[in-house]
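Take a look at the letters that make up each chain.
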Amino acid sequence: MHMNEKVVNFHDILMGVDAKVEILGGVKIRAVNFDNAATTPPFKCVLDSIINLSEYYGSIGRGAGQKAEVTTRIYSKTREYLLDFFNIKDKERYTVIYVSNATDGINTLARVLIKDKNDVVISTRMEHHSNDLPWRRQCKVDYIEVDERGRLKINELEEKLIKYKGRVKYVTVTGASNVTGYINDIHKIAQIVHKYKAKIIVDGAQLVPHIRVDMSGKEKDESIDFLVFSGHKLYAPFGSGVIVGLKDEFEEKVPDNEGGGTVNIVLDNSIEYLSPPEKDEAGSPNYFGVVAITKALEELDKIGFDNIKNHEIQLRDKLICGLCSIPRVKTYGDIVNREDRLGIGVFNIDSIYHQKVAEKLAKHYGISVRQGWFCAHPYCRRLMNISEKDTLMLMNNKGMPGMIRASFGIYNDISEVDYFLNAVEDISMKK
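Residues numbered from 1 in each chain as written. Predicted model: local features only at pLDDT ≥ 70, side-chain atom pairs only at ≥ 80, totals over all residues. Heavy atoms only, no water.

Per an unreviewed UniProt entry, the recorded name for the protein chain is Aminotransferase class V, and the organism is Clostridium paraputrificum. Database annotation for the protein chain, UniProt heading Sequence similarities (unreviewed entry): "Belongs to the class-V pyridoxal-phosphate-dependent aminotransferase family. Csd subfamily." What the UniProt record of the protein chain gives under Catalytic activity (unreviewed entry) is the line "(sulfur carrier)-H + L-cysteine = (sulfur carrier)-SH + L-alanine". (UniProt positions renumbered as here; feature names shortened; annotations may be inferred.)

Let us now look at the pairing of strand β6 (residues 94-99). In terms of burial, β6 is a largely internal element, six of the six residues being buried. Relative to strand β12 (residues 241-246), β6 is paired through six bridges, and the arrangement is antiparallel. Along β12, the bridge assignment pairs I97 with I243. (Buried < 20%, exposed > 50% of the residue type's maximum accessible area, 1.4 Å probe, protein only. Helix = DSSP H or I, 4+ residues; strand = E, 2+ residues; numbered from the N terminus. Pairing = 2+ DSSP bridges.)

Below, the discussion takes up the nonpolar core. One finds F43, F86, F229, M403 and I410 to be the most contacted residues of the largest nonpolar core, which totals 102 residues. Broken down by element, this core gets its largest block of residues, nine residues, from helix α9 (residues 287-303). When residues of this core are assigned to domains, at least three map to each of domain 1 (10-41 + 304-429) and domain 2 (45-302). With 25 residues, the next largest nonpolar core counts V32, V329, I349 and V417 among its residues. (Core = buried A, V, L, I, M, F, W, Y, C linked by side-chain atoms within 4.5 Å. Domains from an automatic or database assignment.)

On to the side chain of H354, then. Its location among the elements puts H354 in helix α11 (residues 354-365). A polar atom in the side chain of H354 sits 3.4 Å from the backbone nitrogen of G402. (Polar contact = N/O pair within 3.5 Å; in protein donor to acceptor, adjacent residues only side chain to side chain.)

Bringing the sheet that holds strand β11 (residues 226-230) into the picture now. Reading across the sheet, the seven strands line up as β6-β12-β11-β10-β9-β7-β8 and stay open at both edges, with mixed pairing between neighbours. Two strands lie at the open edges of the sheet, namely β6 and β8 (140-144), each paired on one side alone. Sheet twist, expressed as the mean angle between neighbouring strand axes with direction ignored, is 20°. One ladder, built from three bridges, connects strand β7 (residues 120-124) with strand β9 (residues 168-174); its direction is parallel. (Axes fitted to C-alpha atoms, helices over the stretch in contact; angles between N-to-C directions.)

Our next topic: empty space enclosed by the protein. As enumerated under the stated definition, the model contains three cavities of 30 Å³ or more in all. In this structure, the largest cavity encloses a volume near 50 Å³. Lining the largest cavity, in full, are N36, A37, T40, A205, Q206, P209, H210, K233, Y235, F408 and G409. (1 Å grid on protein atoms, 1.4 Å probe; cavity = no way out; pocket = protein on both sides within 12 Å on 5 of 7 lines; lining within 4 Å. Points joined across faces, edges and corners; volume = space filled by probe spheres on them.)

On to the pattern of salt bridges, then. Per the stated rule, a full pass over the model turns up 22 salt bridges. Note that K115 and E252 form a salt bridge whose closest N and O atoms lie 3.8 Å from each other. Within this pair, whereas K115 is found in the loop between α4 (102-113) and β7, its partner E252 is found in the loop between α8 (247-251) and β13 (263-266), the two being separated by 137 residues in sequence. Given a relative accessible area of 54%, E252 falls into the exposed group. With a shortest N-O distance of 3.3 Å, E249 and K199 are connected by a salt bridge. Of this pair, E249 sits in helix α8 while K199 is found in strand β10 (residues 199-203), placing the two residues 50 residues apart along the sequence. Taken together, the shared-partner salt bridges in this structure form one network comprising D18, R30 and E416. (Salt bridge = Lys/Arg side-chain N within 4 Å of Asp/Glu carboxyl O.)

This is the structure in structure tokens:
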């Protein structure tokens, strides 16, 4: 990959990419990590930033000391940076609220936004559990289906919005699938959603590390109302996540969590809350996690999202074409028209249980992948064309159905893909 006409040496800017692991026989080899959709290693600059700022660490928003002032100022500036990064044009309408991760963020939104159990939220059958289960608890959820290749049936969205005659308050959709890597057209979806006076929530956990997200969009009604993402998937694994969303929605309701830092004054029998975002960040914030996220986004911006995309396309195409050429390997998702797929491939080897394949890749070759149904059971069941009844039967008799997932980070390279494909072929041939 090139950055400003110079080759980026990821061994210099990322931690752990040269780490060695022990495989069977006691041999130590360089690890290959193809599980980046789950979590990513930290940038060295993120660690350096945390160490440097530790010298001036103080309480945020609650002290008059110099260190507290420095820390509070930096913490506040991160919000400004994120509003700019996501091209928020009307900054007065939006706020940035820090959470633990994307799952925490979506749970927060479900509790804050939903005011009535009879409210309707439209989601999709492509979602990670984190953008499904929180809504099920709070309100009525209806789902857009996926087609035989696993893409969203977008035409169903408008049909459902018409069907519910204004009862739909929110449509929540993943920006990119953690299973197939399909990138959804969130701005097209936003236009449909806004046409029916609803608001759009985007789970950006898989999207933000790979694609530069413009929350304002280019045309009328394309804006994204709420975006949620995690630091640990964008090279800042220090326990922080972000909600970027409409401020007035948070102003209307008491905070999801209460305690220190959320109030203007507490009287014996009444409370006056602060405005968002302070109202919605109870307790001492994860200062270093927040700094880590902004520093990591700065580094990704420096590398260039076009460079990241072009590099990932090379790896994705090499992976999918290679898997399709190996006997007994079955792939999932569209392997021909793959322009809308991130660097993710999911597959199985005929007659070999997915967990056993993953274990062999790790123990014999030092390759880390993910196996199972990736916290997206309804979606994976559809991709594998397995009924709910058969799923339960398989669980009782053979074990949980699943697939093997290889997912790329910016630091992976073609030689690792070749090594991985050779390993998959070896496992396939040896059975």
